[in-house]
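Here is how the chains run, residue by residue.
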Amino acid sequence: MAKWLELHRKILEVIRPKGDPVGIKLFESENEARRIGSFTKTRIALCQALRLASMCRSTIIANADNIDECVVGTYILGFREPPPDLEKRWIEGFKYTPELFKKLVSAIHALPMGRYKAAVFAPLSHFDRIKVDPDAIVLIVNSLQAYMALVGYFDATGEKTVSDFNGHAACEIVAAVIKGKSPWLTIPCGGARAIAESQDDELWLGFKPEQIEKALSRLESVGLSYPPPIYQKLWVPLVKGHPLTYLIARKPE
């Protein structure tokens, strides 16, 4: 049974995110990841891996070498420590202070350094083919799609979403969900906009697989899907006295 393909299709049918739902799997050794395929040859950043999987249906098999274009991403995955001169660069290049830089680093959600050695990012349906179960699912959504998913989850469980975005490192969504802080809602950071082409109306939403299943079941049980039938203005007659009414009505008043 194509379990992940079925969930993939249900997410598209009910929530209709802006791209494919992205499954994420972390591995404690590179050999585990090699069973799926070869490591992606192009060096990219973590935010690019998420967007490539969602928007281009790409399967990215990553390690510390090929996903290190943004050192924040490899730090978040626990693959590699940031370079020793990074604090100096932020102080000189972005008017940071040593104290603020330390707060920035401590505020970013990251996985334990060295625990994982590799990861795969792929459209959720691909996980049937590669025969592993994802640890997390990320949706790229607009605000109404996020509302649909989150109201479905809350109404199914009574649990609220988690978010403590500090303006940087949106890719921390991966670590946050793996560490159990989910559903996780965040805003694409400057890096994601600059190198991963995140859009102005875009949000990132992370779930454990069982969480998104509960949200979808709730939405289906009450007959809700995107877009929800909440647009009352579509059923409202023209407003008397409005300039447009005068121009288009059969008998303007």
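Small disclaimer: the values here were computed from a predicted structure and weren't measured. (Residues numbered from 1 in each chain as written. Predicted model: local features only at pLDDT ≥ 70, side-chain atom pairs only at ≥ 80, totals over all residues. Heavy atoms only, no water.)

S.K.: Any chance you could explain the pattern of salt bridges here in plain terms?
M.R.: Any two side chains of opposite charge can pair, given that their charged atoms come close. Applying the stated criterion across every chain, the model contains 14 salt bridges. Glutamate 220 is the partner of lysine 10 in a salt bridge, and the nearest nitrogen-oxygen pair spans 3.6 Å. With lysine 10 in helix H1 (residues 3–14) and glutamate 220 in helix H11 (residues 209–221), this pair connects stretches of sequence that are 210 residues apart. Overall, lysine 10 belongs to the partly exposed group, its relative accessible area being 27%. Note that arginine 80 and aspartate 65 form a salt bridge whose closest N and O atoms lie 2.8 Å from each other. In this pair, arginine 80 is assigned in the loop between helix H4 (71–76) and helix H5 (86–94) and aspartate 65 in the loop between strand S2 (60–63) and H4, connecting sequence segments 15 residues apart. Looking at arginine 80, the relative accessible area reads 31%, which means it is partly exposed. When salt bridges that share partners are traced, they join Asp65, Asp68 and Arg80 into one network. (Salt bridge = Lys/Arg side-chain N within 4 Å of Asp/Glu carboxyl O. Helix = DSSP H or I, 4+ residues; strand = E, 2+ residues; numbered from the N terminus. Buried < 20%, exposed > 50% of the residue type's maximum accessible area, 1.4 Å probe, protein only.)

S.K.: What is the right way to look at the packing of H1 against H11 in this model?
M.R.: Relative orientation and spacing of two packed helices are given, respectively, by the angle between their axes and the distance between those axes. Between H1 and H11, the shortest axis-to-axis distance is 11 Å and the interhelical angle comes to 50 degrees. Relative to H11, the element H1 lies oblique. Classified by chirality, the crossing of H11 by H1 is left-handed. Touching Lys3, Trp4, Leu7, Lys10, Ile11 and Val14 of H1 are Pro209, Ile212, Glu213, Leu216, Leu219 and Glu220, all from H11. Class assignment of the residues belonging to the contact of H1 with H11 gives a composition of eight nonpolar, no polar and four charged. (Axes fitted to C-alpha atoms, helices over the stretch in contact; angles between N-to-C directions. Parallel < 35°, antiparallel > 145°, perpendicular 65-115°, else oblique. Left-handed = near helix turned anticlockwise from the far one by under 90°. Contact = heavy atoms within 4.5 Å. Nonpolar A, V, L, I, M, F, W, Y, C, P; charged D, E, K, R; others polar.)

S.K.: Sorry, what's going on with the layout of surface pockets here?
M.R.: A probe as big as a water molecule, rolled over the atoms, marks out the empty space that is left. Taken as a whole, the largest pocket spans an internal volume of roughly 520 Å³. Forming the walls of the largest pocket are 27 residues, and the residues nearest its centre are Cys70, Val72, Trp90, His168 and Ala169. Where the lining of the largest pocket is concerned, the elements lending two or more residues are helix H3 (46–55), H4, H5, helix H6 (98–107) and helix H10 (190–195). Tallying contributions element by element places H10 first for the lining of the largest pocket, with four residues. (1 Å grid on protein atoms, 1.4 Å probe; cavity = no way out; pocket = protein on both sides within 12 Å on 5 of 7 lines; lining within 4 Å. Points joined across faces, edges and corners; volume = space filled by probe spheres on them.)

S.K.: Teacher, can you tell me more about the side chain of histidine 126 here?
M.R.: You can see histidine 126 is positioned in helix H7 (residues 126–130). Accessibility expressed as a relative area gives 14% for histidine 126, which makes it buried. Beyond its immediate chain neighbours, meaning those up to four positions away, histidine 126 contacts Arg57 and Thr59.

S.K.: I keep staring at H11 and nothing clicks. Help me out?
M.R.: Side chains of residues three or four places apart in an α-helix project in the same direction, reflecting 3.6 residues per turn. Between the first and last C-alpha of H11 there are 19 Å, a value that for 13 residues agrees with the 18 Å anticipated at 1.5 Å per step. Those residues of H11 lying buried are Pro209, Gln211, Ile212, Ala215, Leu216 and Leu219. Taken around the axis of H11, the buried residues stretch over an arc of 160 degrees, which confines them to a single face. On its buried side, H11 packs onto H1, strand S4 (136–141), helix H8 (143–157) and strand S6 (203–207). (Expected span 1.5 Å × (residues − 1). Arc of directions from axis to C-beta.)

S.K.: Explain H3 here, please?
M.R.: For H3, a buried count of seven out of 10 residues is recorded, marking the element as mostly surrounded by other parts of the structure. For H3, every residue scored as buried is listed here: Leu46, Cys47, Ala49, Leu50, Arg51, Ala53 and Ser54. Two residues or fewer after H3 comes arginine 57, characterised by a positive phi angle close to 55 degrees.

S.K.: I would appreciate a short explanation of the packing of aromatic side chains in the present structure.
M.R.: Aromatic ring pairs are reported here in terms of the distance separating the ring centres and the angle at which the planes meet. On inspection of all chains with the given rule, the structure shows five aromatic pairs. The rings of Trp90, Phe94, Tyr96 and Phe101 are connected pair by pair, giving a single aromatic cluster. (Phe/Tyr/Trp six-rings, centres within 6.5 Å; stacked < 30°, edge-to-face > 60°.)

S.K.: Is there a simple way to explain the pairing of strand S1 (residues 22–27) in this structure?
M.R.: Residues in a regular strand point their side chains to alternate faces of the sheet. Most of S1 sits out of view: six of its six residues are buried. Neither face of S1 is exposed, since Val22, Ile24 and Leu26 on one face and Gly23, Lys25 and Phe27 on the opposite face are all buried. Inspection of the sheet shows S1 paired to strand S3 (residues 118–123) by six bridges, in the antiparallel sense. Bridge assignment links glycine 23 to a residue of S3, and that residue is alanine 122. (Pairing = 2+ DSSP bridges.)

S.K.: What is the right way to read the nonpolar core from this model?
M.R.: Nonpolar side chains in soluble globular proteins tend to end up buried together. With 45 residues, the main nonpolar core has Ile24, Leu26, Phe121 and Val174 as its most contacted residues. Elements that contribute at least two residues to this core include exactly S1, H3, S2, H4, H6, S3, S4 and helix H9 (173–178). Considering each element in turn, this core owes the most residues, six residues, to H9. Ignoring any residue separated from it by four or fewer positions in sequence, one finds valine 174 in contact with Ile24, Leu26, Leu46, Leu50, Leu77 and Phe121. (Core = buried A, V, L, I, M, F, W, Y, C linked by side-chain atoms within 4.5 Å.)

S.K.: Before we go on, may I ask you to explain the pairing of S6 in this structure?
M.R.: Most of S6 is tucked away: five of the five residues are buried. Burial of the side chains of S6 extends over both faces: Leu203, Leu205 and Phe207 are buried on one face and Trp204 and Gly206 on the other. Pairing of S4 with S6 involves five bridges; the strand directions are antiparallel. Opposite valine 141, over in S6, you have leucine 203 as the bridge partner.

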